[in-house]
Amino acid sequence: MQYDIVIAGGGMVGLALAALLGQQDRRVAVLESICPVDIAPDADFDLRVSAISRVSQRLLASIGAWDKVLKRRACAYETMVVWDSTGDGKISFKAAELGEPDLGHIVENRVLQAALQEALKDYPTVELCCPVRITQIQRSADSIQVHLGDERILNTALLVGADGARSYVREWAGFTLTTEDYGQQGLVCTVQTSLPHQATAWQRFMPTGPLAFLPLSKPDFSSIVWTLPADKADELRSWEGVRFKQALADALDYQLGDILHCGVRASFPLRGQHSQTYVQERIALVGDAAHTIHPLAGQGVNLGFKDALALAESLLGARDLGGLRALRGYERARRGDNQLTQKAMEGFKLLFGNDLTPWQVLRNQGLNALNQLPAFKYRLARQAMGL
Ligand SMILES: Cc1cc2nc3c(=O)[nH]c(=O)nc-3n(C[C@H](O)[C@H](O)[C@H](O)COP(=O)(O)OP(=O)(O)OC[C@H]3O[C@@H](n4cnc5c(N)ncnc54)[C@H](O)[C@@H]3O)c2cc1C
């Protein structure tokens, strides 16, 4: 079976890339090992959510997926409040003051995947193969063969690894990976609060790590990401409900009142990874396969969408899709930006994780000073929105 491009991984980034390539009438196969189930309107909220920036929203609209997200469910957030638990430092961002309708949207990962899958139906040259298992990959001078568990062999000019942080394609091709274990876990769960979230993303920085409450499409439901030292996350995950809810409300300083209900809890080890290169002859990596960053500013999948766009642009009109000439353009366009964002997140983590008094004073004063400088503050906000 002959394809222009085979994408391993039908997560949010792989599916978006497939649609972008479908717009170029490329013959594309997306290989996904787990078929995601579409979300029913009254289903429980997905444990995993993403803060989708304005620039990602535009990309999703351009491939016909954004209306399919909104048709399901998403929450536009109009305000973001960030404060420091060790002092009075506080900063808030308001969409209205930026002249924007919102600062971004909180979207469940399953909603995004389902919307993207539905959008792909409008691209006849794109085929989603799901569930499939890659058993073997072979590379020759001018093509790659991908062997599947059902005996099919796919022949392609370019294989893209969009298969997440533990990428099989990256491992198989032998890309060198820089890894930094943050020694933390992100504890996630959906909660119901006694006060409405007010379309606001709340983030409180504590010396142990930040706690974020991200608003969902029901006014009293939020998705939390609580960054904690790994052993503490394990401990809190095992606490019985009443104790956990009390600790959580306390950690958010009761900004949303009491926690009435708390769903299933899960935690993810937090690790920064960056592949030293993104491309080889006939191979490219995108999204979490190429880089993972600290989730404290919710930028991970937004970087992945930018990768997808840059790769599709570098392949536009390329005669040899897997040739290094086209692929290096993609790597040049994206690696620096991803590295800068990764380092910035690590800088924030260090700054807010430091409990020495001079640092506490500095960052509390810094937050308040920044809050008083609208021009600078809103430049930062526009940057985070990708505008
Ligand atoms: C706690 C936490 C909170 C986060 N919050 C945010 C946020 O608010 N905003 C944000 O932008 N980002 C956030 N992120 C990061 C974000 O979730 C990731 O950046 C994003 O999921 C990456 O998408 P991806 O498509 O590259 O990879 P993935 O989402 O990992 O998708 C990879 C896909 O490949 C498939 N796959 C894997 N191996 C194979 C194989 N061998 N064959 C076939 N298919 C395969 C998998 O089944 C999966 O569907 C957060 C991360 C964490 C841990």
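Residues numbered from 1 in each chain as written. Predicted model: local features only at pLDDT ≥ 70, side-chain atom pairs only at ≥ 80, totals over all residues. Heavy atoms only, no water.

Caption draft 1: Focus on the packing of aromatic side chains. Summed over the entire model, instances satisfying the criterion amount to five aromatic pairs. Seen from their ring centres, Trp226 and Phe244 are 6.2 Å apart, and the 50° between their planes marks the pair as tilted. In this pair, Trp226 sits in strand E15 (residues 221–229) while Phe244 sits in helix H8 (residues 241–251), placing the two residues 18 residues apart along the sequence. Taken individually, Trp226 and Phe244 each receive the classification buried, so the pair is uniform in this respect. Residue placement shows Arg48 over the ring face of Phe268; its charged tip is 4.2 Å from the ring centre. Sitting above the plane of the Trp239 ring, Arg243 keeps its charged end 3.9 Å from the centroid. (Phe/Tyr/Trp six-rings, centres within 6.5 Å; stacked < 30°, edge-to-face > 60°. Helix = DSSP H or I, 4+ residues; strand = E, 2+ residues; numbered from the N terminus. Buried < 20%, exposed > 50% of the residue type's maximum accessible area, 1.4 Å probe, protein only. Lys NZ or Arg CZ within 6 Å of the ring centre and 35° of its normal.)

Caption draft 2: Summary view of the domain arrangement of the protein. Taken domain by domain, the protein consists of domain 1 (2–74 + 107–179 + 271–350) and domain 2 (183–269 + 355–385). For domain 1 and domain 2, the distance between their C-alpha centres works out to 29 Å. Taken together, the contact pairs 15 residues of domain 1 with 20 residues of domain 2. Together domain 1 and domain 2 conceal approximately 1500 Å² of surface at their shared face, both sides included; 65% is due to carbon and sulfur atoms. Our count for the domain 1 to domain 2 interface comes out at zero salt bridges. Counting the contacts that link domain 1 with domain 2 gives four residue pairs in polar contact (both at pLDDT 80 or more). (Domains from an automatic or database assignment. Contact = heavy atoms within 4.5 Å. Buried area = accessible area lost by both parts, 1.4 Å probe. Salt bridge = Lys/Arg side-chain N within 4 Å of Asp/Glu carboxyl O. Polar contact = N/O pair within 3.5 Å; in protein donor to acceptor, adjacent residues only side chain to side chain.)

Caption draft 3: Region of interest: the site of the ligand. Surrounding the ligand, one finds 29 residues, the nearest of these being Glu32, Arg48, Ala51, Asp288 and Val301. Ser33 has a polar backbone atom sitting 3.2 Å from a nitrogen atom of the ligand. Residue Val301 places a main-chain N or O atom 2.8 Å away from an oxygen atom belonging to the ligand. If the ligand stood free it would expose 1000 Å²; the protein chains cover 83% of that surface. Where the shell around the ligand is concerned, the elements lending two or more residues are helix H1 (12–22), strand E3 (49–52) and helix H9 (300–315). When its residues are assigned to classes, the shell around the ligand shows 14 nonpolar, eleven polar and four charged. Mapping the shell around the ligand onto the domain boundaries places at least three of its residues in each of domain 1 (2–74 + 107–179 + 271–350) and domain 2 (183–269 + 355–385). (Near = heavy atom within 4 Å. Areas by Shrake-Rupley, 256 points an atom, 1.4 Å probe, with all protein chains shown as cover. Nonpolar A, V, L, I, M, F, W, Y, C, P; charged D, E, K, R; others polar.)

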